[in-house]
Amino acid sequence: MTVGVTVPLTMLGVPSAALFAALAVGIALALMGAGPERVPRKLGLAAQGVLGVYIGTMVQQDALSTLSGDWLIVLAVAVGTLLLSVIAGALLGMRRDVTPLTGSLALVAGGASGLVAIARELGGDDRVVAVVQYLRVGLVTASMPVVVTLIYHADRGHHASEVTETASAPWYLSMAMMAGLIVVGALGGRLIRLPGAGLLGPLALTVALEISGLSFGLTVPTLLVQAGYVLIGWQAGLAFTRESLRSVGRLLPAALALIVFIGVATAGLGVVLAHVAGLTPLEGYLATSPGGVYAVLATAVETGSNVTFVIAAQVVRILLMLFAAPLLARGVVWASRRLARDQSRAITEDSRDPIRVAD
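So, how was this worked out
- Residues numbered from 1 in each chain as written.
- Predicted model: local features only at pLDDT ≥ 70, side-chain atom pairs only at ≥ 80, totals over all residues.
- Heavy atoms only, no water.
- Helix = DSSP H or I, 4+ residues; strand = E, 2+ residues; numbered from the N terminus.
- Buried < 20%, exposed > 50% of the residue type's maximum accessible area, 1.4 Å probe, protein only.
- Contact = heavy atoms within 4.5 Å.
- Areas by Shrake-Rupley, 256 points an atom, 1.4 Å probe, with all protein chains shown as cover.
- UniProt positions renumbered as here; feature names shortened; annotations may be inferred.
- Core = buried A, V, L, I, M, F, W, Y, C linked by side-chain atoms within 4.5 Å.
- Patch = residues over 30% accessible without salt bridge, like charges linked within 9 Å, V, L, I, M, F, W, Y side chains within 5 Å.
- Salt bridge = Lys/Arg side-chain N within 4 Å of Asp/Glu carboxyl O.
- Expected span 1.5 Å × (residues − 1).
- Bend = angle between axes of the 7 residues up to and from the residue.
- Polar contact = N/O pair within 3.5 Å; in protein donor to acceptor, adjacent residues only side chain to side chain.
- 1 Å grid on protein atoms, 1.4 Å probe; cavity = no way out; pocket = protein on both sides within 12 Å on 5 of 7 lines; lining within 4 Å.
- Points joined across faces, edges and corners; volume = space filled by probe spheres on them.
- Nonpolar A, V, L, I, M, F, W, Y, C, P; charged D, E, K, R; others polar.

As annotated in an unreviewed UniProt entry, the protein chain is Ammonia monooxygenase from Mycolicibacterium iranicum.

Given below as structure tokens:
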């Protein structure tokens with residue numbers, strides 16, 4: 001069933017179509033009472049590891065080197081995007097049916113699949129995070145052609161050269177490396193108490209290998225990536241109930257408004273980046289777009305933009321979001337608890353358990 005939904009979504013160009021399809025199928029099965037109660041924990045951790053390695057392979061040493069003297073402004077813009085996201089998430093978390101942690105994770109502008117994968121482990125409601133994150137990705141992706149054409153008046157007839165791809169390692173070497181990265185990364189991450197160790201541990205090791213040039217052309221088979229997406233989507237979808245679905249539906253207008261706010265604010269950061277780094281306004285917009293990295297790449301190629309710089313800046317944003325967002329989100333929870341000491345104990349206790357409240 002999931003495959004049957006994934007294929008048309010892929011043809012329509014939906015980002016991470018397998019995850020979105022699995023989420024929808026999981027919700028349908030949960031509401032009909034026809035599916036399993038949950039995805040086994042070990043399978044969920046394996047899916048996190050696969051996604052961690054896959055995201056890590058996006059880092060290309062040559063592409064990152066193109067940032068050269070612009071590292072500081074690129075990092076500053078990425079940090080600004082993260083702060084805007086967490087602030088927006090905290091505003092969403094002011095609703096009684098959404099905790100500040102869930103709101104922060106739901107509106108972090110980067111690494112949607114990774115954040116959905118670790119949301120429950122961090123104490124958030126992965127159902128809300130999944131729906132809002134993919135609303136963000138879908139809205140940014142769908143609006144990009146309109147913005148590029150009407151606001152930046154881009155000529156899509158000029159084509160830049162594609163980012164140079166390195167030779168891929170044999171499949172058996174990639175599989176062996178990936179297995180080692182997942183096991184060592186997850187165990188090492190747990191030993192150092194890394195939040196979301198199942199995803200971030202393998203991701204950190206993969207990034208280290210890519211930057212050091214020791215990845216030997218590591219690639220993750222497409223089938224495994226799709227399987228990882230499916231498991232993560234099912235994990236969130238199977239936890240839905242009729243009441244939780246209604247609860248998520250009620251918060252969508254507020255989430256949509258905050259997503260638009262983030263999009264406009266990051267476009268402003270793109271203006272700053274373009275001015276400081278000597279880019280065109282369009283390149284600044286593409287480099288700071290809060291989502292839709294594959295749509296960004298395609299648009300950069302079609303418009304003759306500086307593809308390597310744009311993608312390098314996007315990779316920096318995604319990595320920063322994935323590693324810093326869990327820590328900042330927990331900071332939001334701590335701050336909200338300090339400010340909410342005068343609230344009723346019943347409300348406070350319930351809000352700490354988003355799964356129970358949503359159910």
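Q: Could you give an account of the overall build of the protein chain, naming the residues involved and the relevant values?
A: What the protein chain contains, in helices and strands, is 17 helices and zero strands. The buried share among the 359 residues of the protein chain stands at 50%. Relative to all contacts within the protein chain whose residues are 6 or more apart in sequence, the contacts with residues 24 or more apart total 76%. Carbon and sulfur atoms provide 67% of the accessible area of the protein chain, an area that totals close to 16,500 Å².

Q: I'd like a rundown of the side chain of S113, residues and numbers included.
A: Examined against the element boundaries, S113 turns out to sit in helix α7 (residues 112–119). Not counting residues up to four positions away in its chain, the partners in contact with S113 are L19, L51, I55, Y134, Y229 and I232.

Q: Give a detailed account of the UniProt feature "transmembrane region" (unreviewed entry) in the protein chain, specifying residues and quantitative values.
A: The feature "transmembrane region" (unreviewed entry), as given by UniProt, occupies residues 12–31, 71–94, 101–119, 131–152, 172–192, 212–234, 255–277 and 307–329 in the numbering adopted here. With 61% helix and 0% strand, the stretch residues 212–234 has end C-alpha atoms that lie 35 Å from each other.

Q: How would you explain the nonpolar core if you had to name every residue and give the values?
A: One finds V74, L107, V132, L273, L286 and L322 to be the most contacted residues of the largest nonpolar core, which totals 99 residues. For this core, the element with the highest residue contribution is helix α15 (residues 307–339), accounting for 14 residues. V132 has contacts with A106, L107, L251, A255 and I259, leaving out every residue within four places of it along the chain.

Q: Now, about a nonpolar patch on the surface: what can you tell me, with residues and values included?
A: A surface patch of nonpolar side chains, about 550 Å² in accessible area, is lined by V79, L83, I87, L91, M94 and L328. Top contributing element to the nonpolar patch by residue count: helix α5 (residues 71–92), with four residues. One can find I87 in helix α5.

Q: Please set out helix α12 (residues 242–277) residue by residue, giving values where relevant.
A: With 36 residues, α12 extends 49 Å between its outermost C-alpha atoms, agreeing within 8% with the 52 Å of an ideal straight helix rising 1.5 Å per residue. Taking the largest bend as the criterion, α12 deviates by roughly 40°, centred on L252, and proline P253 comes between one and four positions later. Count one or two residues on from α12 and you reach G278, which has phi positive near 70°.

Q: Would you mind going over the environment of W234 in detail, with residue names and values included?
A: Locating W234 in the fold gives a position in helix α11 (residues 222–237). Spatially, the C-alpha atoms of W234 and G26 are 5.0 Å apart, while their sequence positions differ by 208 residues. A distance of 3.2 Å separates polar atoms of two side chains, one belonging to W234 and the other to T2.

Q: Quick rundown of the side chain of S85? Include the residues and the values.
A: Relative to the assigned elements, S85 resides in helix α5. Polar side-chain contacts of S85 include one of 3.2 Å to the backbone nitrogen of A109. Those residues in contact with S85 that lie beyond four places of it in its chain are L107, V108, A109 and I262.

Q: Break down empty space enclosed by the protein for me, with residues and values.
A: This structure, assessed with the given rule, holds three cavities of 30 Å³ or more. Approximately 70 Å³ is the volume attributed to the largest cavity. Lining the largest cavity, in full, are V74, V77, A78, T81, L273, A287, T288, A313 and R317. Per-element accounting of the lining of the largest cavity gives the leading share, four residues, to α5. Grouping the constituent residues of the lining of the largest cavity by class yields six nonpolar, two polar and one charged.

Q: Can you tell me about the pattern of salt bridges, naming the residues and giving the values?
A: Across all of its chains, the model carries five salt bridges by this definition. A salt bridge links D126 to R120, with the nearest nitrogen and oxygen atoms 3.1 Å apart. In this structure D126 comes out as buried when scored by relative accessible area, which is 0%. Of the residues examined, R120 reaches a relative accessible area of 33% and is grouped as partly exposed. Several salt bridges converge on common partners, so that one network encompasses E243, R246 and R250.

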